[in-house]
Amino acid sequence: MQNLFDRRSLLRAGAAGIALSSLGLRAQSGWPTKPVTLVVPFPAGGGTDAFARPLSAQFAKQTGKQLIVDNRGGAGGTLGATIAARAQPDGYTLFMGAIHHAIAPSVYPKLEYDLQRDFVPLALLAEVPQVLVVNPKRVTAPDFKSFLAELKKSPGKLNYASAGGGTSHHLAGELFKLQTGTFITHIPYRGAGPALQDLISGNVDMMFDGLGSSAAHIKGGRIKALMVAGAQRNPSLPDVPCAAELGLPDYKVTTWYGLWAPKGTPAEAQARMVEEVRKAGAADEIRAVWASNGAHFGTLTPAQFGDYVQAEITRWAGVVKAANIKLD
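Given the structure is predicted, the values throughout are model-derived calculations rather than measurements. (Residues numbered from 1 in each chain as written. Predicted model: local features only at pLDDT ≥ 70, side-chain atom pairs only at ≥ 80, totals over all residues. Heavy atoms only, no water.)

Some details on the overall build of the chain
Link 1 in the chain: Summing up its helical and strand segments, the chain has twelve helices and ten strands in all.
Link 2 in the chain: Each principal axis of the C-alpha atoms in the chain carries an extent, and together these give about 105 × 40 × 30 Å.
Link 3 in the chain: In the chain, which comprises 328 residues, the share counted as buried stands at 51%.
Link 4 in the chain: Within the chain, contacts between residues at least 6 apart in sequence are counted, and of these 77% link residues at least 24 apart.
Link 5 in the chain: Carbon together with sulfur atoms contributes 55% to the accessible area of the chain, which is approximately 14,800 Å² in total. (Helix = DSSP H or I, 4+ residues; strand = E, 2+ residues; numbered from the N terminus. Buried < 20%, exposed > 50% of the residue type's maximum accessible area, 1.4 Å probe, protein only. Contact = heavy atoms within 4.5 Å. Areas by Shrake-Rupley, 256 points an atom, 1.4 Å probe, with all protein chains shown as cover.)

Spelled out as structure tokens, the structure:
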């Protein structure tokens, strides 16, 4: 009996050990177990960075693992998107795209990825209105009305910078030209960061930019805001009139930023990242950063975000066609 008792005890102990070992393995396999790479398809210093880097810091605080921002600029954001689409879908590469990627299918005929086919939508991270900004030394008009009169008097005299052909900065300029009957020369850059720096330096006249990258420079007096796109003023720039009150009720351009995973990414990693984004959106640090940039944190589910992106693709296809924009 004693031997039988000892044998049963050993069996129970062994089973418990196996169970504990199994639990340990499951705990270790929970995502993330190592740093995660966040591909940002624009150079450092642009609007995407203004949201990606605070999110990266908050992710590390919440999970104890790094979210490494990997800036891969070029081709209006499509180069970085291609890199992310080709990444191993193991949960350790994520992609932070933007409104530009809803425009790209209409202006780039030979994209090496498909936003809807090659990625899984996770979250809408931020929405921020675009703002018309000028270099005050190159554009001396005191207000929008005077500025518009100058544009109409001298077509082609002024130029505007963008983050690249086919980006929201570019399309915002083309939409503005269509609705005001003006002509401004487009100068594309390899990202909003370099474009903004040239605007501040006085190498270009103006820019249609998201508040995420422009707000600090506007408040610092390095550039001047003449108009906020949309139907209402932005709380972060209460003295800057909106398009609707300036006689452009249909001029609505919102820069948005979203998070995707390469198709095939494990469901566990997808669900966990969605949850971490939800937690981040409720954090005081993130709320403060978003508010200072005039942005709203997204609240859409992954499915709703996917529908939102599809609607944006359709909307901007119409603008591209009306402006007759073609890129190689």
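Notes on the packing of aromatic side chains
Link 1 in the chain: Under the definition given, this model contains 17 aromatic pairs.
Link 2 in the chain: Relative to Tyr251, the ring of Phe176 has its centre 5.9 Å away and its plane inclined at 80 degrees; by these criteria the two rings are edge-to-face. Taken together, the positions of Phe176 in helix H7 (residues 168-180) and Tyr251 in the loop between strand E8 (224-228) and strand E9 (254-262) put the pair 75 residues apart, joining distant regions of the chain. When sorted by exposure, Phe176 lands in the same class as Tyr251, which is buried. (Phe/Tyr/Trp six-rings, centres within 6.5 Å; stacked < 30°, edge-to-face > 60°.)

As for the confidence of the model for the chain
Link 1 in the chain: In this model, the chain carries a mean pLDDT of 90, and residues with pLDDT of at least 70 account for 91%.
Link 2 in the chain: Across residues 1-28, confidence stays below pLDDT 50; counting only partners more than four residues off in sequence or on other chains, it has one contact. (pLDDT = per-residue confidence, 0-100.)

Considering empty space enclosed by the protein
Link 1 in the chain: Within the structure shown, the criterion is met by two cavities of 30 Å³ or more.
Link 2 in the chain: One number sums up the size of the largest cavity: a volume of about 60 Å³.
Link 3 in the chain: Forming the walls of the largest cavity are Phe42, Gly46, Gly47, Thr48, His100, His169, Ala192, Asp209, Gly210, Thr255 and Tyr257.
Link 4 in the chain: At the level of secondary structure, the elements contributing two or more residues to the lining of the largest cavity comprise helix H2 (47-63), strand E7 (206-210) and E9.
Link 5 in the chain: For the lining of the largest cavity, the residue count by class is three nonpolar, seven polar and one charged.
Link 6 in the chain: The volume enclosed by the second largest cavity comes to roughly 30 Å³. (1 Å grid on protein atoms, 1.4 Å probe; cavity = no way out; pocket = protein on both sides within 12 Å on 5 of 7 lines; lining within 4 Å. Points joined across faces, edges and corners; volume = space filled by probe spheres on them. Nonpolar A, V, L, I, M, F, W, Y, C, P; charged D, E, K, R; others polar.)

Describing the pattern of salt bridges
Link 1 in the chain: What the rule picks out here adds up to eleven salt bridges.
Link 2 in the chain: The salt bridge involving Asp49 is made with Arg53; its shortest N-O contact spans 2.9 Å. Of the two residues, Asp49 and Arg53 both sit in helix H2, four residues apart, roughly one turn of that helix.
Link 3 in the chain: Here Lys61 ties to Glu285 by a salt bridge, and the two come within 2.3 Å at their closest N and O atoms. With Lys61 in helix H2 and Glu285 in helix H11 (residues 284-292), the pair connects residues that are 224 residues apart, well separated along the chain.
Link 4 in the chain: Exposure remark for Lys61: the relative accessible area of 58% places this residue in the exposed category.
Link 5 in the chain: Three or more residues are tied together by salt bridges with common partners; here these are Arg272, Glu276 and Lys279. (Salt bridge = Lys/Arg side-chain N within 4 Å of Asp/Glu carboxyl O.)

Re the packing of H2 against helix H10 (residues 267-282)
Link 1 in the chain: At a minimum axis distance of 10 Å, the contact between H2 and H10 shows a crossing angle of 105 degrees. One way to sum up the angle between H2 and H10 is to call them roughly perpendicular. Together, Leu55, Gln58, Phe59, Gln62 and Thr63 of H2 and Arg272, Met273, Glu276, Lys279 and Ala280 of H10 make up the contact between the two elements.
Link 2 in the chain: Within the contact of H2 with H10, the residues separate by chemical class into four nonpolar, three polar and three charged. (Axes fitted to C-alpha atoms, helices over the stretch in contact; angles between N-to-C directions. Parallel < 35°, antiparallel > 145°, perpendicular 65-115°, else oblique.)

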